[in-house]
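# Topology and contacts: notes
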Amino acid sequence: MSTSLAAAPPAPPAQPTPRARRPRRRAELALLVLAVGIAVMGFAQADLAVNGHLPPRFWLMAALAAGAALLAHAVVRRLAPYSDQVLLPVAFAINGLGLTMIHRLDLAAARSAAARGHQVPHATAPTQLVWTGLGLALLFAVLALVRDPRQLQRFTYTALVAGLGLLVLPLVPGLGVTVNGARIWIRVAGLSFQPAEVAKIALIVFFSGYLVAKRDALAVARTRLLGIEVPRGRDLGPILVAWLVSVLVLVFETDLGMSLLFFALFVALLYVATGRRSWVVIGTVLFLVGSTIAYYAFGHVRVRVDVWLHPFADPAGSGYQVTQSLYGLADGGVLGTGIGQGSPDLVPFAKSDFIISAVGEELGLTGLMALLVLYAILVERGLRTALAARDVFGRLVACGLAFVMALQVFIVVGGVTNLIPLTGLTTPFLAAGGSSLIANWMVIGLLLRISDSSRRPTAAPAPVADTAMTIVVPR
Amino acid sequence: MIGSLAGTIRRLSIFVALLFLALLVNINLVQVTRASGLATQPGNSRILIKEYARQRGPILVDGSSVAVSVTSSGRLKFQRIYPQAGLFVSATGFYSLIYGRTGIERIEDPVLSGTDPRLSLQQISDLIAGRPTRGGSVILTINARAQLAAAEGMRGKVGAVVAIQPSTGAILALVQSPTFDPNQLAVNDVSAEQAAWSRLIADPAQPLLNRPLARVYPPGSTFKLVTLTAALASGKYDLTTPIPSPASIHLPGSTAILPNDNGRQCGNGHVTLAVALAVSCNTAFANVGLALGGDALLAQAQLFGFNSSFQVPMTAATSRFPAGLDPAQTALSAIGQFDVRSTALQMAMVAAAIANRGVVNSPYLVQQVLGPDLAPLETTPVRPFGVAMSPLVAAEVTAMMVGVVDFGTGTNAQIPGVQVAGKTGTAQTAPGQPADAWFVSFAPAAGGDVAVAVVVEGAPHDGQISGGRLAAPVAKAVMKAILNK
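Cut-offs and rules
Residues numbered from 1 in each chain as written. Chains lettered and ligands numbered in written order. Predicted model: local features only at pLDDT ≥ 70, side-chain atom pairs only at ≥ 80, totals over all residues. Helix = DSSP H or I, 4+ residues; strand = E, 2+ residues; numbered from the N terminus. Buried ≥ 20, exposed ≤ 12 C-beta atoms within 10 Å, placed from the backbone. Contact = placed C-beta atoms within 7 Å. Nonpolar A, V, L, I, M, F, W, Y, C, P; charged D, E, K, R; others polar. pLDDT = per-residue confidence, 0-100. Pairing = 2+ DSSP bridges. Axes fitted to C-alpha atoms, helices over the stretch in contact; angles between N-to-C directions. Parallel < 35°, antiparallel > 145°, perpendicular 65-115°, else oblique. Left-handed = near helix turned anticlockwise from the far one by under 90°. Expected span 1.5 Å × (residues − 1). Arc of directions from axis to C-beta.

### A look at the overall build of chain B
Check the secondary structure of chain B and you find 18 helices and 19 strands. Looking at the 485 residues of chain B, the share that counts as buried comes to 54%. Nonlocal contacts in chain B, meaning residues at least 24 apart in sequence, comprise 70% of its contacts between residues at least 6 apart.

As C-alpha cells, this is what we get:
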C-alpha cells in the first residue's frame, strides 16, 4: 500500500495574481453570526422556559457573545487571513451551545435547591464563560506567536518533556487531587486543572516531529518474525513509549479515557506517517492485551465493562449514571423536550461528562445529530487542513489534532450512549471544564495556523532548520 | 521518499467517518428504536415527572372538587390535593408518587391524566394551540351530605357505610372507618410519603382498608331478609303461616344447639314471618331455611348479587353464599352465619332491591366523565343486574321491615314523618371475638329514595341490641341527609 502513498501532494492553491487581495472571510463572518445567534437564542430559551423571563443581563451577554465573535473574526482575519473559514464558527457554535446547556443546568440546580430550602449552589456558567475568554486569548496567542507551523518542529523534544511533565503533574503530592477516583486534576490557588488536556497537544507536536525524523526508518527497515514483517526492535521504541505512557496514565491516574486516547493517537500517527499496516496490527494487539490485563487487574475497569454490557443490572448503583443518561436520551426522542423543559439534571455530572445526554434530552435526536455533525465538520476541516499542509510536520500535527478531537468525541459520546464502556473524558468545547476548553481553543489556533500557511499565496517564510526531509517547496 | 501521507490521511478519515457513523446509528437506536422501552423501564423516574407535569383532572362531588391538582414548586409541576382529607377516600383512593394510585384515581386514570384515547383529538388541538394538555374530570354519584352524615356517624367506630339510590344503583355514600388522609401520601416527597405509609401500614385499625368494598363480614340477621324473600317467593309461606319458634333448635346431623339471642322462645312458640323478622327470631328463620333447603337460599342469594363480582368501577369483594350445604349448615346460613359473607355494598344492594320493587341494579360510583373542555365523554347508564323478587313479594317484605323499625329491634332508625324499613343484625365473627353490628334499611318505605347498609365492627354479643344501638343511628343520619329531613 505504501506505494500509493507516493501520490503527488495536492498542489497548493495557486493564485493567479501574486498580489491577490487578502480574503475578506465573509463566509466565516456569516457563519459566526449564525453560531452566535443559535447560542444566544438557546440562552434566552432556557430562562424563558424555566423562569418565564429573559435571563438577567441578557442583552449584555448577547452583546458580549457578538463582540467576542467579532473580535475573534478580526484577529483571525489579521493573523491568519487565508485559513479555513469554517473552523472558528463551528467552535463558537459548540462552545456557545455548551455555555447555554451549562447555564440551563445551573438554573435547574438553583431551582431544585430553592425547592428543598437549600442554599443555591455556585453557578458553573460564569466560570465557563471566563474559561472561554481565556481560551480565545490563547487562540490569539497561538496565532500571534506561531507565525509558521514549522517553528514548532524545533521544540520536538521540549514538547515531549513538557507533555510527560504535564501528564505526571497530578501525581505530585500536594498538587494533584483525586476527584471521583481519578487522579487527573491539579489544584492551584483554588483553580482545578486537568493537565492531560494540554499534554495531548504537546505530545502530538513531539510525535509529529519525531516521526518526521524517523518515519523512513520505521517504514522501511523490517525484520521477519514468525513469517511476519515487523519493524526492527529499536524502531519499536516510540510505540512502546506511547504504550507505557498510556499504561502509566491508566494505572496511576485511573484515567481510562485519556489512556485510550493517547494510545490510539500514537498508533494513528505512526500509521499515517509510515503507511505500514503492521503498526495498526501491533497497536490493536497491544490494545487488546492491555485491555484484557486491565479488565482482570483493575476493579474499576471491570465495573465499567460490566455496566456497559448490563446497564440495568444495578440501575441504582454502578449502572446509575448510564441508565439515567439513557432515560434522558430516550425522553428527548426525535425532537427533544426543548431547552429548559426536560429534566437533564437527573443525570449525574450533566454539566461535564454527561452534557451530551442533556443535549440529547432537550434538543432531541435532531439536535444531537446536528451537534455530532458539527464535530464531524470540525474534524473534517482538520483532516482537510492536514491534506493541504505543505510539509509533513504540519500534516502530522493537523492530522493528530483532528484525530484526537474525533476520538475524544467518540469515546465520550459512545460512553454516554452506552455504545462503548463509559470512560471519563470531556466533550470538546461543550462540557464544563476549563482545561479542556482552553486546550481545544489552542487546537483551533494551530489548525488555523497550519491551514493559513498552506493556503497563503505569497512565498512562505524562509524554511526553518529541518532535521528531516520535508516536501516543502519554497516558492 | 514515502510520499505525501495523503493516502493514509484519507484512510484515517474513513476510519474517523466510521466512528461518527457508529455514534449516529447508536443515538438513533437509543432515542428512537429503544425509546419507548427505556421510557417504561422500571425505575425511570422521568415517567413520573412527565405524568406530574400535566394538570390532572379533578374528581367532583356535588360540583366541588374532592381531589384536585394544584401547581407545586418542586421538580414535579403539580401536586394532588384532597381538600376534605379522608372523607371521600373510599371512593377517590389516593395518588402517590411512590405507592401508585388506588380507587377512582387508578380506575379513571386515563381520563384524569388525559391519556384516554377519547381525548386524543383534544391532545392534538392542545399541541397545535400550544396549550398544556390537561386531564378530564370525573363526577361521582356520591351525595356530599350523606357522605358527611355517614362519616360523622362512624366517628370513633370501626366499620363501613354504603348508601345506594335504589332506582339506579348509584352509590350515594361510601365510607370507611377509620379513614386516612390521602394528602399525606400525595406530598410529592419520597421520605414523607414513606413515613406516612409505614405509619398507616403499622396501624392495627387498618385505616388503608377500604371496608365498604373490600371487606366481607358475616351478615348475621340482616341476611334474614334474603331468607324471608326466598320464603315468600317459594309459595310455601304466606303472611299468616305459623312458624315454629322455640327457644332453641337442635341442628340436624350434629350435637349443636342454635338458640335465640335472648334464650327464650319467640311469641308463644309459633310466629308469623312478620313477627319473626321484627324480633329477629333465629329459630323461626332456621326452620324456614331448613324447610326451603340450601339450594333455594343459594338461588335467592345469587339473585341479589351474592357470588357475583361487581365493578363500581373498583372491583368489590365478592359476597359469598356457599353451595352444597348440609341441613345444619343450611339452618345457620339462613340467619347469615356459617360461611355466609357479605360486603356492606352487597347488603345495601339487598335493601335497594327490596325498595326498588325487586329489581337489582348494578351499583356504580361514577356519574359522568368529562373532557378537559367539560364536554361529557360518558355518562354511566343504569344497568339492571336482575330481578330478585316480584313486586308483590317486595311489598310484603317492605311491610315487615317497616314493622322492624316501628315496633321491633330497629326503633332507633325511626325518622319523624317518614316510614323507614329496616333490619338489624349482630353477627358472630369467630369464637371469642367481638360481633359485627349491622343495620340495613331504606326510606321512605314507599318509593325508596335511599338504601343504606351500616356495619360496625367490635360490637358486644347482645342479640339485636348492638345493631339497633350502634348501626341504626348511622343509617338514620344518612337517610335523613338524603331525604333532607
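### Section: the overall build of chain A
Along its length, chain A carries 15 helices and 5 strands. Split into buried and exposed, the 475 residues of chain A put 52% on the buried side. Within chain A, contacts between residues separated by at least 24 positions form 72% of all contacts whose residues are at least 6 apart in sequence.

### A short note on the interface of chain B and chain A
Facing 36 residues of chain B, the contacting portion of chain A comprises 52 residues. With 18 residues, the top contributor of residues to the side of chain B that touches chain A is helix H1 (residues 6–33) of chain B. Tallied by class, residues from the side of chain B that touches chain A come to 19 nonpolar, 14 polar and 3 charged.

### Comments concerning the environment of Phe92(A)
All names here are of chain A. By secondary structure assignment, the location of Phe92 is in helix H3 (residues 87–116). Residue class for Phe92 comes out buried when judged on the 27 C-beta atoms lying within 10 Å of it. The sequence separation of Phe92 and Gln151 amounts to 59 residues, and the corresponding C-alpha distance is 27 Å. Apart from the residues within four sequence positions on either side, Phe92 is in contact with Leu32, Ala35, Val36 and Ala69.

### Some thoughts on the confidence of the model for chain B
Taken as a whole, chain B shows an average pLDDT of 89; of its residues, 98% reach a score of 70 or greater. Across the interface, the model reports ipTM at 0.89; the global pTM reads 0.70.

### Topic: the sheet that holds strand E8 (residues 171–177) of chain B
All names here are of chain B. On the basis of which strands lie adjacent, the open sheet formed by 5 strands has the order E8-E7-E19-E18-E17 and antiparallel pairing. Of all the strands in the sheet, the pair left with one neighbour each is E8 and strand E17 (421–427). Going from strand to strand, the sheet's axes swing by 10° on average, the running direction of each strand aside. As paired elements, strand E18 (residues 435–443) and strand E19 (residues 450–459) share 8 bridges and run antiparallel to each other. If you follow Phe442 over to E19, its bridge partner there is Ala451.

### A closer look at the packing of helix H11 (residues 224–234) of chain B against helix H13 (residues 282–292) of chain B
Angle between the axes and distance between the axes are the two parameters that describe a pair of packed helices. Residue and element names in this part refer to chain B. Packing of H11 against H13 leaves a shortest axis separation of 10 Å and a crossing angle of 50°. The angle between H11 and H13 falls in the class oblique. Regarding H11 and H13, the two cross each other, and that crossing is left-handed. When H11 is examined against H13, the residues Lys224, Thr227, Ala230, Ala231 and Ser234 are found in contact with a partner set consisting of Phe285, Val288, Gly289 and Leu292. Of the residues assigned to the contact of H11 with H13, the class counts are 5 nonpolar, 3 polar and 1 charged.

### A word on the pairing of strand E6 (residues 137–140) of chain B
Within a regular strand, the side chains alternate between the two sheet faces. In terms of strand pairing, strand E1 (residues 59–61) of chain B meets E6(B) through 2 bridges, oriented parallel. The residue bridging Leu60(B) from the neighbouring strand is Ile139(B), located in E6(B).

### So, unusual backbone geometry
Residues and elements named next belong to chain B. The step from Val312 to Pro313 runs through a cis peptide bond, and the omega angle for that step is 15°. At the junction of Ala443 and Pro444, the peptide bond is cis and its omega measures out at -15° in the coordinates. As for its placement among the helices and strands, Pro444 is situated in the loop between E18 and E19. For Ala85, which is not glycine, the phi torsion reads 50° and is therefore positive. With respect to the helices and strands, the residue Ala85 is situated in the loop between strand E3 (78–81) and helix H4 (89–92). A tally of 15 C-beta atoms within 10 Å means that Ala85 is categorised as partly exposed.

### Here's the deal with helix H13 (residues 364–388) of chain A
Taking 1.5 Å per residue as the helical rise, H13(A) with its 25 residues ought to reach 36 Å, and the 36 Å between its terminal C-alpha atoms agrees with that figure. Counting buried residues in H13(A) gives 18 out of 25 residues, a clear majority hidden from the surface.

### Thoughts on the packing of H13(A) against H1(B)
Contact pair H13(A) / H1(B): the axes reach a minimum separation of 11 Å and the direction vectors enclose 175°. Taken together, the axes of H13(A) and H1(B) are roughly antiparallel relative to one another. Across from Gly364(A), Leu365(A), Leu368(A), Met369(A), Leu372(A), Ala376(A), Val379(A), Leu383(A), Ala386(A) and Leu387(A) in H13(A), the residues of H1(B) making contact are Ala6(B), Ile9(B), Ser13(B), Val16(B), Phe20(B), Leu23(B), Leu24(B), Ile27(B), Asn28(B), Gln31(B) and Val32(B). For the contact of H13(A) with H1(B), the residue count by class is 17 nonpolar, 4 polar and no charged.

### As for the sheet that holds E3(B)
Residue and element names in this part refer to chain B. Pairing in this open sheet of 6 strands is mixed, and the strands run E3-E2-E1-E6-E14-E15 from one edge to the other. Whereas interior strands pair on both sides, the edge strands pair on one side only; in this sheet they are E3 and strand E15 (376–379). Strand-to-strand twist in this sheet, taken as the mean axis angle between neighbours without regard to direction, amounts to 25°.

### Overview of the confidence of the model for chain A
The share of residues in chain A with pLDDT of 70 or more is 85%, and the mean pLDDT across the chain is 84. Taken together, the stretch residues 465–475 of chain A has pLDDT below 50 and engages in 17 contacts with residues farther than four places along the chain or on a different chain.

### Notes on helix H2 (residues 58–79) of chain A
All names here are of chain A. Between its terminal C-alpha atoms H2 stretches 31 Å, which fits the 32 Å expected from 22 residues at 1.5 Å a residue. For H2, the complete set of buried residues consists of Met61, Ala65, Ala69, Ala72, His73 and Val76. Across the axial projection of H2, the buried residues extend over an arc of 110°, all falling on one side. Opposite the packed face of H2, turned more than 90 degrees from it, sit the exposed residues Trp59, Leu60, Ala63, Gly67, Leu71, Ala74 and Arg78. In this fold, the buried residues of H2 make contact with helix H1 (26–51), H3, helix H4 (125–145) and helix H15 (434–455).

### What about the environment of Ala453(B)?
Residues and elements named next belong to chain B. With respect to the helices, strands and loops of the structure, Ala453 is situated in strand E19. Judged by C-beta crowding, with 34 C-beta atoms within 10 Å, Ala453 ranks as buried. A sequence separation of 416 residues divides Ala453 from Gly37, and the C-alpha atoms of the two residues are 47 Å apart. Discounting residues that sit within four places of it in the chain, Ala453 has contacts with Val162, Ala344, Met347, Ala348, Ala351 and Val440.

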